[in-house]
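Per-entry structural report
What follows is each chain in one-letter form.
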Amino acid sequence: MKILSKTRLENVFNKLNETAEVFVPMQRGEQSGFYPWQTFAAGSDKLWLEALNVYLPPKNVVFPQTERMYNIKQEGQDVKIDETYEDSKSRVIFGARACDVKGITCMDDVFLTRGYEDSFYKARRQATTIIANACYAPGIACFCSAMGVKYVDPEGADIIIRDIGDGYVWETITEKGEMLTARIADLLEEREVTLPEPKPFQQDVNYDGVAEKLKGMFEHPLWDKLSQTCQNCGICTYVCPSCYCFDIQVKMYGNEGYRFRCWDSCMYEEYTREAGGGNPRPASKERFRNRFLHKLEFFKERYGHPLCTGCGRCTVVCPAGISIVKIIDAVKEADTDA
Amino acid sequence: MKEITNKIKETATRLFKEGQVDIFMAWTKGDLPFQTKPYFARSVDDVDNIIFDEYSIHNLSGTLLKFRDGQEKIGIVVKGCDSRGVVRILEDNQFQRDRLYIVGVCCPGMKDPLVAMKNYSGFNNKNSAEGIAAKCLNCTTPNPVIYDEIIGEEQPPHLQGERFEQVNALENMSYDERYKFWADTFSTCIRCYACRQVCPACNCRTCIFDEMKPQWVGRENNSTDNMMYHLVKAYHMAGRCIECGECERVCPVNIPLMLINRKLVKDVNELFGSYEAGMKYEEGAKPALSVYNVNDPDNFL
Ligand code: SF4
Ligand code: SF4
Ligand code: SF4
Ligand code: SF4
Ligand code: SF4
């Protein structure tokens, strides 16, 4: 087996960093997330591959919160688009968990399939190599396997690493992965190890039949009840590895400016506000319902799997203690005969 | 706490039976020991789910706004900070006093379920201390300032030490240092607007940050727009923030929002004071910056 010793991690990052921007999980001050290795500050940052997971998922690597799309110049009656910003710089995500890799493959479905390819996403995505960090000990909020995610054998990764204490088993999956492995091959060693035994999940979630049942539940009174305490704060959507909603906006300075896209959230009133001022989702309940129907029903209908990857983040950060796990339970238990 | 819970339940039961309320806002227990969360009882049958414990920190007053256009009569349990939120909302004419039945609880100081949840989840940033929450350690008003009935023994202010210590430290920085401090701090804001959504003082029907025509504040996540967001929000909070600390508590990336809010409290006091927002409800009373006075200082203009 190929093994990367933990003592050589930094050498690997440095080597990869020569040709790509390498995003690694770090504790940075009060925050944790995937940050570029070249910004690592030894004193204040802590490299944190051992974390169950970091707080902010790596989705911004392929789908940045703000992304400039093109420049605009107005010349008389004409509008000229004078530069587009498709970004195909090489990037590496090092150590993403299975749920977060799944988040990215969900975005692949959205941005790259069904007849339309989003060129901005595609440019970034094709130039990104994903190294997934297999999970052997799910945390209290994790339920990815219930959502069809293979936590020990992450799908969608180019390389999988497995923590064996003093190092990582290094398993190359795709061609893209092979190219990366070739660059650091001399930093790997060859030795036989036994892999750890995966620990069980700490909570039981059963998603079977939920998408189908939800089809008939748009008007169900349960949404009133469940949404009452939601404050539409949007945290849940911004920390989610798979939420991909965005808005396209423009900034003009006189005759010149640019268009950009930025994350948006179905939790906001403005998200569905129409040009004439009407709003099909005027109140908190409709927005709340949309979030869960999108995650648990619509997405599955269209792409065959849910848009929740079971990472548990939203259940940890919600100020109102709202949990998608409880929503799934409530849907399962709901009486739909009436 | 058991005793307080029982009294709250008794009151809620009575109010429902007498038909005095349609909704009773309090807290209930989640699955994990520290997961206390907001709960709205709708009938006597729901009352048993109500709990008041050391994690009942969530300020319910902001959620009143969800019901501002309705007719429901609402019972609401408030701690000191929450009660000031209620005053704020009444002062801004967002709710009629006679639609509310306010049950005040003298607050011994709370723990933060979000901190506990983050610590146990394995996602945690820093293992923050799990004792009394930061917002409560700075609390000047643990006893409700508005209520129809009150439960518990009056509590002394929990704030120990100098209220504006950190603000003073910031004021003593050089201009460049301070600019760098805030630029660094705001650069990490993810602009989720949770700090606005939980705030009882943020009660505008259409928030300036949601206005599109014209769009006053850009939606890019960069230092200019992030800084604009926080500057504009700060100005809107001057004389209005009741220091409940909810914004800072819920912020998913730990932006020290109370530093800004305390600076505002200090400045409003020095320039227009003495004034503390939401300390007492008088019909028609307006917060310091909502009234014009020819003697208002303008030397900072
Ligand atoms: S984090 Fe919780 S309160 Fe905030 S929008 Fe999501 S579900 Fe609602
Ligand atoms: S909905 Fe929640 S649990 Fe599911 S992927 Fe998003 S943040 Fe994770
Ligand atoms: S801020 Fe004060 S009143 Fe509010 S929960 Fe903390 S101690 Fe209680
Ligand atoms: S809650 Fe925090 S991250 Fe969200 S907008 Fe406010 S300061 Fe920014
Ligand atoms: S700004 Fe923060 S501390 Fe002030 S009232 Fe709003 S939520 Fe409370």
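It should be emphasised that the depicted structure is a prediction, and the values quoted were computed from it without experimental measurement. (Residues numbered from 1 in each chain as written. Chains lettered and ligands numbered in written order. Predicted model: local features only at pLDDT ≥ 70, side-chain atom pairs only at ≥ 80, totals over all residues. Heavy atoms only, no water.)

1. Regarding the site of ligand 3
All names here are of chain B. Heads up, the condition is: Any residue with at least one heavy atom within 4 Å of a molecule or strand is counted as near it. The numbering of helices and of strands both runs from the N terminus, where a helix is a DSSP run of H or I of at least 4 residues and a strand a run of E of at least 2. All amino acids are sorted into three groups, where Ala, Val, Leu, Ile, Met, Phe, Trp, Tyr, Cys and Pro are nonpolar, Asp, Glu, Lys and Arg are charged, and the leftover types, Gly among them, are polar.
Residues in close proximity to ligand 3 include K79, G80, C81, C107, G109, M110, K135, C136, C139, T141, P142 and H158, which together make up its full environment. Within the residue set of the shell around ligand 3, elements represented by two or more residues are α2 (80–91) and α4 (134–137). Counted by class, the shell around ligand 3 contains 6 nonpolar, 4 polar and 2 charged residues.

2. So, the environment of A:C99
Residue and element names in this part refer to chain A. Quick reminder of the rule: Exposure classes here rest on a 1.4 Å probe applied to the protein chains alone. A residue is buried below 20% of its type maximum, exposed above 50%, and partly exposed in between. It only takes one pair of heavy atoms within 4.5 Å for two residues to be counted as in contact.
Locating C99 in the fold gives a position in helix α3 (residues 98–112). Judged by relative accessible area, which is 9%, C99 ranks as buried. Through-space distance from the C-alpha of C99 to that of T309 is 5.2 Å; in sequence the pair is 210 residues apart. In contact with C99, not counting residues within four places along its chain, are N53, C144, V149, P241, T309 and C311.

3. Looking at helix α9 (residues 284–303) of chain A
All names here are of chain A. What counts, and what does not: The span expected for a helix works out to 1.5 Å for each residue beyond the first. Here the bend at each residue means the angle between axes fitted to two seven-residue stretches, the one ending at that residue and the one beginning there.
Between its terminal C-alpha atoms α9 stretches 27 Å, which fits the 28 Å expected from 20 residues at 1.5 Å a residue. The largest bend along α9 reaches roughly 55° and is located at H294. Within α9, 15 of the 20 residues are buried, which leaves the element mostly enclosed by the surrounding structure. G304 sits one or two residues past α9 and shows a positive phi near 85°.

4. Things to note about the site of ligand 1
Residues in close proximity to ligand 1 include A:C230, A:Q231, A:N232, A:C233, A:G234, A:C236, A:M267, A:C318 and A:P319, which together make up its full environment. Of the residues assigned to the shell around ligand 1, the class counts are 6 nonpolar, 3 polar and no charged.

5. Let's talk about the domain arrangement of chain B
All names here are of chain B. Put simply, the test is: These domain limits were set by an automatic method or by a database of domain assignments. Accessible surface is computed with a 1.4 Å probe, and the buried area is the amount of it that two parts give up when combined, taken over both parts together. Here a salt bridge means any side-chain nitrogen of Lys or Arg lying within 4 Å of a carboxyl oxygen belonging to Asp or Glu.
Domain annotation for chain B reports domain 1 (1–160) and domain 2 (163–288). Between the C-alpha centres of domain 1 and domain 2 there is a distance of 23 Å. Opposite the 32 residues of domain 1 that make contact, domain 2 presents 27 residues. Across the interface of domain 1 and domain 2, roughly 2,600 Å² is buried in total on both sides, 48% from carbon and sulfur atoms. Considering only the surface of domain 1 that becomes buried against domain 2, R84, R88 and E91 emerge as the three largest contributors, covering 27% of it. At the surface where domain 1 touches domain 2, the tally comes to 4 salt bridges. Residue E246 pairs with K135 through a salt bridge whose shortest N-O separation is 2.8 Å. Breaking the side of domain 1 that touches domain 2 down by element, the ones donating at least two residues are α2 and α3 (113–121). Per-element tally for the side of domain 1 that touches domain 2: the top contributor is α2, with 8 residues.

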